[in-house]
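What follows is each chain in one-letter form.
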Amino acid sequence: MALRHILTVDVGTSSTKTALWAEDGHLLAHASYTYPLSRPEPLWAEIDANIWWQAVCSTIQEVISKSGISPDTIAGVGVDAVGWTMIPVDSAGNPLHPAMIWLDRRAERETADLKSLPDADRLVNLNANPLDAAYITPKLVWLKNNHRDIFDASFKYMEATGFIISRFTGEFVCDFTQAYGYHFFDIRRECWDQKAAEEIDVTLEKMPRLCRSVDVIGQVTGKAAAQTGLKKGTPVIAGCLDAVAGALGSGVAQPGQTNEQGGQAGGVGISLDHIVVEPRLIFSHHVIPGQYLLQAGTVGGGSLGWFRDQLGHLETSAGSLIGQNAFELFSRQVQKSKPGAGGLLFLPYMAGERTPLWSSLPRGVFFGLTYSTTRADMLRAIMEGCAFAVYDNLQIAEEHGVEIEEFLGSGGATQSTVWCQIKADIYGKPFVIARRPDGGEGGHDLGLFALTACGIGLAGSISETITSLLPNRQIFEPSMVNHAMYEELFQVYRAVSRQNLESFAKLDAISRSCA
């Protein structure tokens, strides 16, 4: 039998990453394409969606060239992309307005209006998610209020994964994992809700067709084939939300398994077999039938990057000389500070906070500085603070009786053994890195590979496929002595966080008046 390959495309906030795989899960080639966001106003975060397609075409051509394979052997294409993104398009799939991505909070006023609706609670219960400016619903209302001509002229209102899929196939779809961004999506019945859509003044004929992530929804068109180098007729699955691909790629395949994605935009996804409505958190479908993800999103993962850029010039310079990056040198320093960082706490709200605060106003805080505070204490406090931000969300999940069976880590933070141990100690549970046979960890692209392989018939069960791809475990066992100390410290962390919310708002108002 001729060799067959799978192509995966991960459209992220700052870059697109494309990978080419052998059907056994062996990575053959990888390429990335970076791009900047546009921020024309303080709360805006947008991008010309055509740039995404340019990135997709460029990286596909690169991996085909690197691998030397024939496009004829590519059996299927899978895509994941950022969430909470709104892109109005015409009948040809051309964007009529820049894509408003998940970081965009311009629709604060529209969010307040939605919350004041008589049926606001029904909207939240319908799709099991809070009304917040980050979601697609307020952005749709913003478009209606500010660009009524575009709102009316739009053929479809697309999200990011669906937009890329439409470029490949000419089909307009929205998979279940992305649909949670719309508050007229009935998460239980898996359909658009007419009454809720009317409440928001959205015509359902302008919404894409809903489908499962694993569904093959079309084939690469002649136009897309000419632009990408793929063969016309190559099957394309519906794809999914990037966070869901990341959770699957970390090994989350059964209810109770949980993934923490340690990166710039960190988060947690807990697989459940039932729906939980908790407005302080996020809820979506998993790509595995019958499973959902109770999610949390944090923004503090970039705090160490801020420390490096502002205070880590020594580590940056030294690292370039000895062949190590600054983060590796930071981890070595942290080992010199005892758990608890000498009584220093860090609130990692460097860009506000998503769950559970849902506010752009909080700011980063070092609490407890003294003359005896060391650089190592500050670095440890940052690592502990990022873990406390996750733990804050886990406490809320536990209020609903959610039990974590296996805590799986992924992302750049897993490269730091000291940070992994901190997380095990704070969470009070073994912190696990699922690894491939070659020792590498999973990730978005591996999860998307498993999803695509199942969608096009090269593999059976999604759960069994990803489990077989990640047979090994690296386990960090918790110190329950440290956990008991961290439990006390977390109470202080949470108190400082909540008690300063009013002060954060006042500080923001003063900062705006001085700008």
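Residues numbered from 1 in each chain as written. Predicted model: local features only at pLDDT ≥ 70, side-chain atom pairs only at ≥ 80, totals over all residues. Heavy atoms only, no water.

Peer 1: Quick question: what am I supposed to make of the overall build of the protein here?
Peer 2: For the protein, the count of helices and strands is 19 helices and 24 strands. Whereas a compact globule of 515 residues would reach a radius of gyration of roughly 24 Å, the protein reaches 23 Å, a difference of no more than 12%. Considering only C-alpha atoms, the protein reaches an extent of 65 × 60 × 45 Å along its principal axes. The buried share of the protein, taken over its 515 residues, is 58%. (Helix = DSSP H or I, 4+ residues; strand = E, 2+ residues; numbered from the N terminus. Rg over C-alpha atoms; globule rule 2.2 N^0.38 Å. Buried < 20%, exposed > 50% of the residue type's maximum accessible area, 1.4 Å probe, protein only.)

Peer 1: Can you help me understand the layout of surface pockets in this one?
Peer 2: The gaps of empty space that remain are located by a probe, the size of a water molecule, rolled over the atoms. In this structure, the second largest pocket encloses a volume near 220 Å³. For the lining of the second largest pocket, the elements supplying multiple residues, two or more each, are helix H6 (160-169) and helix H9 (222-228). Across the lining of the second largest pocket, the residue classes break down as three nonpolar, eight polar and two charged. (1 Å grid on protein atoms, 1.4 Å probe; cavity = no way out; pocket = protein on both sides within 12 Å on 5 of 7 lines; lining within 4 Å. Points joined across faces, edges and corners; volume = space filled by probe spheres on them. Nonpolar A, V, L, I, M, F, W, Y, C, P; charged D, E, K, R; others polar.)

Peer 1: Quick question: what am I supposed to make of the pairing of strand E5 (residues 74-81) here?
Peer 2: The side chains of a regular strand alternate, first on one face of the sheet and then on the other. Across the eight residues that make up E5, a large majority, seven, are buried. Both E5 and strand E15 (residues 240-241) contribute to a ladder of two bridges, which runs parallel. Residue pairing in the sheet places Ala 81 in a bridge with Leu 241 of E15. (Pairing = 2+ DSSP bridges.)

Peer 1: What is the right way to read the environment of Gly 25 from this model?
Peer 2: When you line up the elements, Gly 25 lands in the loop between strand E2 (15-22) and strand E3 (27-34). The sequence separation of Gly 25 and Lys 156 amounts to 131 residues, and the corresponding C-alpha distance is 35 Å. Leaving out residues up to four positions away in the same chain, Gly 25 has contacts with Phe 449 and Leu 469. (Contact = heavy atoms within 4.5 Å.)

Peer 1: What's the story with the packing of helix H1 (residues 49-67) against H6 in this structure? I'm lost.
Peer 2: Two quantities define a packed helix pair, namely the angle between the helix axes and the distance between the axes. The interhelical angle for the contact between H1 and H6, taken along N-to-C directions, is 60°, at an axis separation of 11 Å. Taken together, the axis directions place H1 and H6 in an arrangement best described as oblique. Handedness of the crossing formed by H1 with H6: right-handed. Contact with H1, carried on its side by Ala 49, Asn 50, Trp 52, Trp 53, Val 56 and Ile 60, involves Ala 160, Phe 163, Ile 164, Arg 167 and Phe 168 of H6 and no other residues of that element. Residue classes in the contact of H1 with H6 are distributed as nine nonpolar, one polar and one charged. (Axes fitted to C-alpha atoms, helices over the stretch in contact; angles between N-to-C directions. Parallel < 35°, antiparallel > 145°, perpendicular 65-115°, else oblique. Left-handed = near helix turned anticlockwise from the far one by under 90°.)

Peer 1: Hey, could you run me through the packing of aromatic side chains in this one?
Peer 2: Ring pairs (aromatic) are described by centroid distance and by the angle formed between their planes. Enumeration according to the criterion identifies 30 aromatic pairs in this entry. Arranged with centres 6.1 Å apart and planes meeting at 75°, the rings of Phe 327 and Phe 330 form a pair that is edge-to-face. Of this pair, Phe 327 and Phe 330 both sit in helix H13 (residues 326-334), three residues apart, which is roughly one turn of that helix. Relative accessible area serves as the criterion here: at 32%, Phe 327 is assigned to the partly exposed category. Here Phe 330 falls in the buried class, since its relative accessible area comes to 0%. Seen from their ring centres, Phe 388 and Tyr 493 are 5.3 Å apart, and the 40° between their planes marks the pair as tilted. (Phe/Tyr/Trp six-rings, centres within 6.5 Å; stacked < 30°, edge-to-face > 60°.)

Peer 1: Before we go on, may I ask you to explain the pattern of salt bridges in this structure?
Peer 2: Any two side chains of opposite charge can pair, so long as their charged atoms come close to each other. With the rule as written, the count across this model stands at 25 salt bridges. Between Arg 4 and Glu 23 there is a salt bridge; the shortest N-O distance is 3.2 Å. Of this pair, Arg 4 sits in the segment before strand E1 (5-11) while Glu 23 sits in the loop between E2 and E3, and the two are 19 residues apart along the sequence. One salt bridge connects Arg 106 with Asp 104, and the closest N-O pair in it is separated by 2.7 Å. Asp 104 carries the same exposure label as Arg 106, and that label is buried. One network of salt bridges, with partners in common, ties together Lys 144, Arg 148, Asp 152 and Asp 201. (Salt bridge = Lys/Arg side-chain N within 4 Å of Asp/Glu carboxyl O.)

Peer 1: Please clarify how the environment of Ala 484 should be interpreted in this entry.
Peer 2: Mapped onto the elements, Ala 484 comes out in helix H18 (residues 480-499). For Ala 484, a relative accessible area of 41% corresponds to the partly exposed category. Separated by 59 residues in sequence, Ala 484 and Asp 425 have C-alpha atoms that sit 8.7 Å apart.

Peer 1: I'm lost on the environment of Arg 512 in this one. Help?
Peer 2: When you line up the elements, Arg 512 lands in helix H19 (residues 501-514). Sequence-wise, Arg 512 and Ala 75 are 437 residues apart; in three dimensions their C-alpha atoms are separated by 53 Å.

Peer 1: Sorry if this is basic, but what is going on with the nonpolar core here?
Peer 2: Nonpolar side chains in soluble globular proteins tend to be buried together. One finds Leu 140, Phe 184, Trp 192, Ile 270, Leu 394 and Tyr 427 to be the most contacted residues of the largest nonpolar core, which totals 88 residues. Counting residues per element, this core draws most heavily on helix H14 (residues 375-399), at 14 residues. Setting aside anything within four residues of it in sequence, one finds Trp 192 in contact with Cys 174, Ala 179, Tyr 182, Phe 184, Phe 185, Leu 204, Met 207, Pro 208 and Leu 210. (Core = buried A, V, L, I, M, F, W, Y, C linked by side-chain atoms within 4.5 Å.)

Peer 1: Before we go on, may I ask you to explain the side chain of Lys 423 in this structure?
Peer 2: Checked against the element boundaries, Lys 423 lands in helix H15 (residues 417-427). Here Lys 423 falls in the buried class, since its relative accessible area comes to 5%. Those residues in contact with Lys 423 that sit more than four places away from it in its chain are Glu 260, Gly 262, Ala 387, Ala 413, Gly 428 and Phe 431.

Peer 1: Would you explain the pairing of strand E19 (residues 292-298) in this entry?
Peer 2: Buried residues dominate E19, accounting for seven of its seven residues. The two faces of E19 match: Tyr 292, Leu 294, Ala 296 and Thr 298 on one face and Leu 293, Gln 295 and Gly 297 on the other face are all buried. For strand E17 (residues 266-272) and E19, the ladder comprises seven bridges, and the chain directions are antiparallel. Each residue of the ladder has a partner; that of Val 268, found in E19, is Ala 296.

Peer 1: Which parts of the structure should I look at to understand empty space enclosed by the protein?
Peer 2: By the definition in use, this model includes one cavity of 30 Å³ or more. Its boundaries defined by the atoms lining it, the largest cavity holds a volume of some 40 Å³. Lining the largest cavity are Val 268, Ile 270, Leu 281, Leu 294, Gln 295, Ala 296, Asn 393, Leu 394 and Ala 397. When contributions to the lining of the largest cavity are tallied by element, the ones reaching two or more residues are E17, E19 and H14. Its residues assigned to classes, the lining of the largest cavity shows seven nonpolar, two polar and no charged.

Peer 1: Just to check I follow, could you spell out the state of the cysteines for this structure?
Peer 2: What makes a disulfide is a covalent bond joining the sulfur atoms belonging to two cysteines. Counted according to the given criterion, the structure contains zero disulfides. Left unpaired, Cys 191 is separated from the closest cysteine sulfur, that of Cys 174, by 13 Å. (Disulfide = S-S within 2.5 Å.)

Peer 1: Quick question: what am I supposed to make of unusual backbone geometry here?
Peer 2: Cis rather than trans, the peptide bond between Thr 355 and Pro 356 has omega equal to -5°. Mapping Pro 356 onto the fold places it in the loop between strand E20 (345-347) and strand E21 (365-367). With a phi close to 50°, Trp 84 is a non-glycine residue in the positive phi region. Locating Trp 84 in the fold gives a position in the loop between E5 and strand E6 (87-89). Given a relative accessible area of 2%, Trp 84 falls into the buried group.

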